[in-house]
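An overview of the molecular structure
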Amino acid sequence: WVRRGHGIQLLSTSSSGDTVQIGDVRYKLKPSQNPELVPLKHLSDSLPQTVAQHLRWIMQKDLLGQDVFLIGPPGPLRRSIAMQYLELTKREVEYLTLSRDTTETDLKQRREIRSGTAFYVDQCAVRAATRGRVLVLEGLEKAERNVLPILNNLLENREMQLEDGRFLMSAERYDKLLQEHTKEELDSWKIVRVSEDFWVIALGLPVPKYKGNPLDPPLRSRFQAKDIYYLPFKEQLDILYSAGPNVAAERVSQLLSLATTLCTQESSSLGLPDFPVDNLVPALQVLNMFPMLSSQQLLHRLYPYRSIVGKDGCAAMEGLLSRFELLDGQQKSAVSTVVDVSRTEEDLADVTLRVGVKDITFQVPVGSRKLRGPNRSRTFISTPSHAQLLADMMQSHMVKDMCLIGAKGCGKSVIAREFAELLGYSIEPVMLYQDMTARDLLQQRYTLPNGDTAWRPSPLVSAAIQGKLLVLDGIHRVNLGTLAVLSRLLHDRELDLYDGTRLLRWDRYQNLKEKLQFSDQQMHDRSIHPIHPSFRVLGLAEPPAIGTT
């Protein structure tokens, strides 16, 4: 297949063994031993020029055998570029999201007990090193200072001492030893060869500017770093035009201009947080379906500035809105209400909203329970503001997960319950607290009655597999590093758990199953599970005290 950018060409030919070419850089593909670990459906049909240039740079470093650190502002772009490259080159991935709770055992080996006997299980870094996979480490700035130096020797010399007495040795040195000794001798000395295909891609935020631990210089020097900033204005604009073909081009340009301005150094010096540029695509999809929505209303959903910045920040923000002619909230605020909800397929329903005098019908994912029409609850008394909020939530639910922000006791949980009942969702509530760990969120370790160790999936994982509405109550309380382990689930609908289980987005799971010609049972045996297409996350949070970060 051939994809042409402006002068950059991705090309694969099967005559000389498959090769991939980006510009003038060629990469020869190798057959993968575990094709289920190769990323799927990350490459987009139209590749922006900047992304193609990033991919070319990564390919050069890969060919030179240099580990890579992609550094840039928050958002899924860095991870997306890494996954696109690994899909392009058909490389197997071991993925680890770092948090403040990550320990040495998460990287090297974990001790388990079976039938009263203790033994060690290799973790992602060791599996990647011995089997020639790519280790992707996300959130380097969130790990504690003493955790990552464990990897220093593995990164620099491809060597590591393991808890079970084995020693990982670089392919070059191992092969030299093999000329003088037999494989059996090296095995008896517990020396293990690190594959020459082992490679590391690290993803992180620049610290300072963003919160986190700065990288210690010895670790930093072992990476080739590249700044992955937001895509240039023109390329972003093309993506947004295709997301909202019915939206006036001028309006799209104004929205993107505002987003770009809010990500500049001048805006952050005014105390304005970065704008979530990645959320403009789903916002344009909503605007495409509801062109009568005011830009100001829509922006407030992506960037609720009145709740997060002080008086000066609000004044600066309103000045920006008027400069980009986006202060249309007063004259364009048509009242919306949910008129009807009716199931069309097992996991989909048609929702009809009345916006002003016009009825608009669109499809949304729904739960497995019986749908309940609007205004039929005995316990929920609707008011005009509630009706408007539920209609806004339906619009957002069409494209993405969402978060309700409001003061304590203002009825967030009641609205969440009503929303779930309208759409036939079972609610999976998860109460968040300040010292919650990533393990509390994803998977907990426990001991069976006979003394064996095992892993128990958290309610969050069960909700993802069963297609429930996950309500994260109190996301303002939990540590940011802990919450970051969910970013891949929210953006990509993918998750790697501590026991090696992988959750994949529904369409990626089906695609992989067809490609490998596996049954559901075979996928299950390989610890791969689909995330239900109806699964949604609803966060509940209190606004920050104005003036705090």
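Residues numbered from 1 in each chain as written. Predicted model: local features only at pLDDT ≥ 70, side-chain atom pairs only at ≥ 80, totals over all residues. Heavy atoms only, no water.

In the nomenclature of an unreviewed UniProt entry, the chain corresponds to von Willebrand factor A domain containing 8 from the organism Nothobranchius kadleci.

**Looking at the overall build of the chain**
Assigned secondary structure in the chain consists of 24 helices and 26 strands. Counting only C-alpha atoms and orienting by the principal axes, one finds that the chain spans roughly 85 × 60 × 50 Å. Put simply, of all contacts in the chain between residues at least 6 apart along the chain, 70% involve residues at least 24 apart. Accessible surface computed for the chain: about 25,700 Å², of which carbon and sulfur atoms make up 51%. (Helix = DSSP H or I, 4+ residues; strand = E, 2+ residues; numbered from the N terminus. Contact = heavy atoms within 4.5 Å. Areas by Shrake-Rupley, 256 points an atom, 1.4 Å probe, with all protein chains shown as cover.)

**Description of the side chain of S257**
Locating S257 in the fold gives a position in helix 10 (residues 249-262). Note on S257: relative accessible area 16%, which makes it buried. At a separation of 2.7 Å, a polar atom in the side chain of S257 contacts the main-chain carbonyl oxygen of S253. Leave out the neighbours within four places in its chain, and S257 touches F233 and F324. (Buried < 20%, exposed > 50% of the residue type's maximum accessible area, 1.4 Å probe, protein only. Polar contact = N/O pair within 3.5 Å; in protein donor to acceptor, adjacent residues only side chain to side chain.)

**Thoughts on the packing of helix 1 (residues 49-64) against helix 2 (residues 77-88)**
Relative to each other, helix 1 and helix 2 sit at 60 degrees, their axes nearing to 10 Å. Considering their axes alone, helix 1 and helix 2 lie oblique with respect to each other. Our pair here, helix 1 against helix 2, has a crossing hand that is right-handed. Together, V51, H54, L55, I58, M59 and D62 of helix 1 and I81, Q84 and Y85 of helix 2 make up the contact between the two elements. (Axes fitted to C-alpha atoms, helices over the stretch in contact; angles between N-to-C directions. Parallel < 35°, antiparallel > 145°, perpendicular 65-115°, else oblique. Left-handed = near helix turned anticlockwise from the far one by under 90°.)

**Section: empty space enclosed by the protein**
Enumeration over the complete set of coordinates arrives at four cavities of 30 Å³ or more. In this structure, the largest cavity occupies an estimated 130 Å³ of space. In terms of lining residues, the largest cavity is bounded by 16 residues, among which L37, P39, E494, R502 and L504 are the most central. Breaking the lining of the largest cavity down by element, the ones donating at least two residues are strand 6 (93-97), strand 24 (502-505) and helix 23 (506-516). Residue composition of the lining of the largest cavity, grouped by class: nine nonpolar, one polar and six charged. A domain-level breakdown of the lining of the largest cavity finds at least three residues from each of domain 1 (8-227) and domain 3 (336-541). (1 Å grid on protein atoms, 1.4 Å probe; cavity = no way out; pocket = protein on both sides within 12 Å on 5 of 7 lines; lining within 4 Å. Points joined across faces, edges and corners; volume = space filled by probe spheres on them. Nonpolar A, V, L, I, M, F, W, Y, C, P; charged D, E, K, R; others polar. Domains from an automatic or database assignment.)

**Here we look at the sheet that holds strand 23 (residues 495-496)**
The sheet built from three strands is open, its strands ordered 23-24-25 with mixed pairing. The strands lining the two open edges of the sheet, one partner per strand, are strand 23 and strand 25 (528-531). Relative to strand 24, helix 23 is tilted by about 100 degrees, and along the sheet it contacts strand 24 and strand 25. (Pairing = 2+ DSSP bridges.)

**With respect to the pairing of strand 3 (residues 19-22)**
Neither face of strand 3 is open: one carries T19 and Q21, the other V20 and I22, and all of them are buried. When strand 3 meets strand 4 (residues 25-28), the two strands line up antiparallel, connected through four bridges. In the sheet register, V20 faces strand 4, and the bridge partner there is Y27. Joining the antiparallel neighbours strand 3 and strand 4 is a turn of two residues, in which G23 adopts a positive phi near 60 degrees.

**A few points about the packing of aromatic side chains**
One pass over the structure, following the stated rule, counts six aromatic pairs. A centroid spacing of 5.8 Å and a plane angle of 65 degrees characterise the contact between Y85 and W199, whose relative ring orientation is edge-to-face. With Y85 in helix 2 and W199 in strand 13 (residues 199-204), this pair connects stretches of sequence that are 114 residues apart. A relative accessible area of 0% places Y85 in the buried class. For the pair F275 and Y303, a centre-to-centre distance of 5.4 Å together with 25 degrees between the ring planes defines the contact as stacked. Linking F275 in the loop between helix 11 (265-269) and helix 12 (280-289) with Y303 in the loop between helix 13 (295-302) and helix 14 (305-308), this pair joins segments that are 28 residues apart in sequence. For F275, a relative accessible area of 1% corresponds to the buried category. It is R439 that lies over the ring of Y498; its NZ or CZ is 5.3 Å from the centre. The ring of Y446 carries the charged tip of R456 above its face, separated from the ring centre by 4.2 Å. (Phe/Tyr/Trp six-rings, centres within 6.5 Å; stacked < 30°, edge-to-face > 60°. Lys NZ or Arg CZ within 6 Å of the ring centre and 35° of its normal.)

**Examining the side chain of T102**
Within the secondary structure, T102 is located in the loop between strand 6 and helix 3 (104-107). Judged by its relative accessible area of 6%, T102 is buried. Leaving out residues up to four positions away in the same chain, T102 has contacts with L96, T97 and V147.

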